[in-house]
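# Structure at a glance
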Amino acid sequence: MLGRVKLSVYKGDITNEHTDVIVSPSDNHLNHSEGVAKSIFDKGGKEVEDASRDVIRRKHGGFLKDGEAIWTKPGNLSCKYVVHVAAPIWNTLGPKKSREILHRACLNSLLEAEKRKATSIALPAIGSGSLGMPKDICAEVMFDTVREFVEQRIAQKKTITDIRFVNNDDHSVQVLSKKLEILFGYYSLGDFSRGGST
């Protein structure tokens, strides 16, 4: 726990999470052609794809700034909203800039969820797959951002009480679990066989 917020790490398919919000990392044009974003589009269906393209075209001129987030309805997914975020490309931007953008992406995802009055959110290890960010750096930045988000809003009425880090590969899950234990002093790893949350 971090204050009143439960932090947890799970191995599983993020598209099966029964959270209010699922976060979908993408590029600046919301081209969901691979990784988690493709899985979310494939399962969410045409409604998610059409809505995200419509929002980015109407409100953002077809381009999301680095770390910027937008939301859409979930289509066929079990969540209430999908938050799409422009993730950093490690090999293009380098370590310092990538860390800054990941911090923005993670924080904006949480803020967007809170604006929707969400109580729960599921995040993947943003930028650590095909975009190339080392998983230990990704885990460190994301957990530091979550701490900042929770502590800065400690005096305000928060809606989010459940933050889940959900990935389908062992390496991401192990790195996140270890970093959670180092930074927050407890080990929280969900059941590998559960296939989603209730």
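These numbers were taken from a predicted model, which means no experiment stands behind them.

Let us now look at the overall build of the chain. Scanning the chain from terminus to terminus reveals six helices and six strands. Along the chain direction, N to C, the helices and strands of the chain fall in the order β-β-α-α-β-β-α-α-β-α-β-α. The globule rule puts the C-alpha radius of gyration for 198 residues at 16 Å, and the 15 Å found for the chain is close to it. Counting all 198 residues of the chain, 51% fall into the buried class. Sequence-distant contacts, at least 24 apart, represent 73% of the contacts inside the chain between residues at least 6 apart. For the chain, the computed accessible surface area is about 9,100 Å², with 48% contributed by carbon and sulfur atoms. Where the 29 positive side-chain charges of the chain centre and where its 25 negative ones centre are 5 Å apart.

What follows covers the pairing of strand β2 (residues 21-26). Counting buried positions along β2 yields six of six residues, so the element is predominantly enclosed. Residues Val21, Val23 and Pro25 line one face of β2 and the alternating positions Ile22, Ser24 and Ser26 line the opposite face, and both faces are buried. Pairing of β2 with strand β5 (residues 120-123), which is carried by two bridges, proceeds in the parallel orientation. Looking at β5, one finds that Val21 is bridged to Ile121.

Taken as a class, soluble globular proteins show a tendency for nonpolar side chains to be buried jointly. Ranked by size, the top nonpolar core spans 40 residues in total, and within it Ile121, Leu123, Val146, Ile163 and Phe165 carry the most contacts. Listing elements by their share of this core, those giving two or more residues are β1 (6-11), β2, β4 (81-86), α4 (95-115), β5, α5 (135-152), β6 (162-167) and α6 (170-184). Ranked by residues supplied to this core, first place goes to α5 with nine residues. Setting aside its immediate chain neighbours within four residues, Ile163 contacts Val5, Lys6, Leu7, Ser8, Leu110, Ile121, Leu123 and Val146. Counting residues in hydrophobic clusters, the runner-up holds nine residues, among them Tyr10, Ile22, Leu77 and Ala122.

Attention now moves to the pattern of salt bridges. Counted under the stated rule, the structure contains 13 salt bridges. A salt bridge links Lys38 to Asp42; the shortest N-O distance between them is 2.8 Å. Of the two residues, Lys38 and Asp42 both sit in helix α1 (residues 35-44), four residues apart, roughly one turn of that helix. Relative accessible area serves as the criterion here: at 35%, Lys38 is assigned to the partly exposed category. The partner of Lys135 in a salt bridge is Asp169, with the nearest N and O atoms 3.9 Å apart. Pair noted here: Lys135 is in helix α5 and Asp169 is in the loop between β6 and α6, with a separation of 34 residues, a long-range link. Beyond isolated ion pairs, a larger network of salt bridges with shared partners links Glu17, Asp162 and Arg164.

We now examine the confidence of the model for the chain. Averaged over every residue, the pLDDT of the chain is 89; residues scoring 70 or more account for 92%. Mean pLDDT values over the elements of the chain span from 88, in helix α2 (residues 46-60), up to 98, in β5. A low-confidence stretch, residues 191-198 (pLDDT under 50), is modelled with 16 contacts involving residues beyond four sequence positions or located in other chains.

What follows covers the sheet that holds β5. Pairing is mixed in the open sheet, where six strands are placed in the order β1-β6-β5-β2-β4-β3. Single-partner strands in this sheet number two, and they are β1 and β3 (69-72). Across this sheet, the average inter-strand angle for adjacent strands is 25 degrees, counted without regard to direction. Those strands touched by α4 are β2, β3, β4, β5 and β6, and its axis lies near 160 degrees from that of β4. Against the sheet, α6 engages β1 and β6, with an angle of about 155 degrees to β1.

Procedures and definitions
- Every chain begins its residue count from 1, and numbering advances along the sequence as written.
- Given that the model is predicted, a residue must reach a pLDDT of at least 70 before its local features are reported, and side-chain atom pairs must reach 80 or more before they are shown or counted; all residues, however, enter totals for whole chains, interfaces and linings.
- Side-chain numbers here rest on the full set of heavy atoms in the structure, without hydrogens or water.
- Where helices and strands are cited, they refer to DSSP runs of H or I of at least four residues and of E of at least two residues respectively, numbered from the N terminus.
- In this setup the radius of gyration rests on C-alpha atoms only. A globule is expected at 2.2 Å times the number of residues raised to 0.38.
- Only protein chains enter the accessibility calculation, which uses a 1.4 Å probe. A residue is then buried if its area is under 20% of the maximum for its type, exposed if over 50%, and partly exposed in between.
- Here, two residues are considered to be in contact whenever any of their heavy atoms come within 4.5 Å of each other.
- The Shrake-Rupley method, run with a 1.4 Å probe sphere, supplies the accessible areas, and residue values consider only the shown protein chains as cover.
- His is not counted here, nor are the chain ends, while Lys and Arg score as positive and Asp and Glu score as negative.
- Where a charge lies is defined by one atom per residue type: Lys uses NZ, Arg uses CZ, Asp uses CG and Glu uses CD.
- Should DSSP find at least two bridges between two strands, the strands are taken to pair.
- Throughout, nonpolar core names a set of buried Ala, Val, Leu, Ile, Met, Phe, Trp, Tyr and Cys residues whose side chains join them through atoms within 4.5 Å.
- Salt bridge criterion: a side-chain nitrogen from Lys or Arg within 4 Å of a carboxyl oxygen from Asp or Glu.
- Per-residue confidence from the predictor is given as pLDDT, running between 0 and 100.
- The axes are straight lines fitted to the C-alpha atoms, using for helices just the contacting stretch, and the angles between their N-to-C directions are given from 0 to 180°.

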